[in-house]
Amino acid sequence: MKLDSAPLDISGISQTEIGLEPKDSNDFNLTPAIAPSVQPVVADSPQKQQSVLVVFGTTFVTIFLAEIGDKTQLSTLLMSAQSHSPWVVFIGSAAALITTSLLGVLLGSWIANRLSPKTVEKSAGVMLLVISLMLFWDVFTNH
């Protein structure tokens, strides 16, 4: 059986286009004479959807844990108990939290477009350190 006479069915490319012409009876040149262009396959990646879910979950858990027992929750609890209108207090406090979160996201997006992530990270760390030092100073000087 001669290999050079068998049809080659790879994307409609013939053997002569690929360069399977024998140099001698036992040797074949396998380098392509015409290189077919390879196009990357672009598909909706589950990785991107997963990363959106991870970001959402991380944000939810972080904010949820940060808000438990803070002054906002205690204020909402007291307003609900005093007004006897828990749903109105819920809607008002939810709207306020959404608005403050929107302001934070918009400001964060604006900052991210102007500064590098490393600069933002370092600045946030310095600001938290300064706030901590101010709180410690206030505790030690007022008591």
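This structure is a prediction, so every number in the text was calculated from the model and none was measured.

## Remarks on the overall build of the protein
Item 1. The helix and strand inventory of the protein stands at five helices and two strands.
Item 2. N-terminal to C-terminal, the α/β element order of the protein is α-β-β-α-α-α-α.
Item 3. Across the 143 residues in the protein, those meeting the buried criterion constitute 6%.
Item 4. Restricting the contact set of the protein to residue pairs at least 6 apart, pairs at least 24 apart contribute 10%.
Item 5. In the structure as shown, the protein presents an accessible area of about 12800 Å², 70% of it carried by carbon and sulfur atoms.

## Side note on unusual backbone geometry
Item 1. The backbone of His84 sits at a positive phi, close to 60 degrees, despite the residue not being glycine.
Item 2. Summarising the element assignment, His84 is placed in the loop between helix H3 (71–83) and helix H4 (86–114).
Item 3. A residue is classified by how much of its surface remains accessible, and His84, at 68% relative accessible area, is exposed.

## Quick notes on the packing of aromatic side chains
Item 1. Using the criterion set out here, one finds four aromatic pairs in the structure.
Item 2. Relative to Phe60, the ring of Phe56 has its centre 6.4 Å away and its plane inclined at 20 degrees; by these criteria the two rings are stacked. Taken together, the residues span about one helical turn, with Phe56 and Phe60 both in helix H2 (residues 46–67) at a distance of four residues.
Item 3. When the ring of Trp87 is compared with that of Phe90, the centres are 5.8 Å apart and the planes differ by 85 degrees; the resulting orientation is edge-to-face. Note that Trp87 and Phe90 are positioned in helix H4 at a spacing of three residues, about one turn of the helix.
Item 4. Residue Trp87 is classed as exposed on the basis of its relative accessible area, which comes to 65%.
Item 5. Taken together, the aromatic side chains of Phe56, Phe60 and Phe64 make up a single cluster linked through ring pairs.

## Observations regarding the environment of Val89
Item 1. Of note, Val89 is situated in helix H4.
Item 2. It is 9.8 Å that separates the C-alpha atoms of Val89 and Leu78, two residues lying 11 residues apart in sequence.

The rules behind the values
- Residues numbered from 1 in each chain as written.
- Predicted model: local features only at pLDDT ≥ 70, side-chain atom pairs only at ≥ 80, totals over all residues.
- Heavy atoms only, no water.
- Helix = DSSP H or I, 4+ residues; strand = E, 2+ residues; numbered from the N terminus.
- Buried < 20%, exposed > 50% of the residue type's maximum accessible area, 1.4 Å probe, protein only.
- Contact = heavy atoms within 4.5 Å.
- Areas by Shrake-Rupley, 256 points an atom, 1.4 Å probe, with all protein chains shown as cover.
- Phe/Tyr/Trp six-rings, centres within 6.5 Å; stacked < 30°, edge-to-face > 60°.

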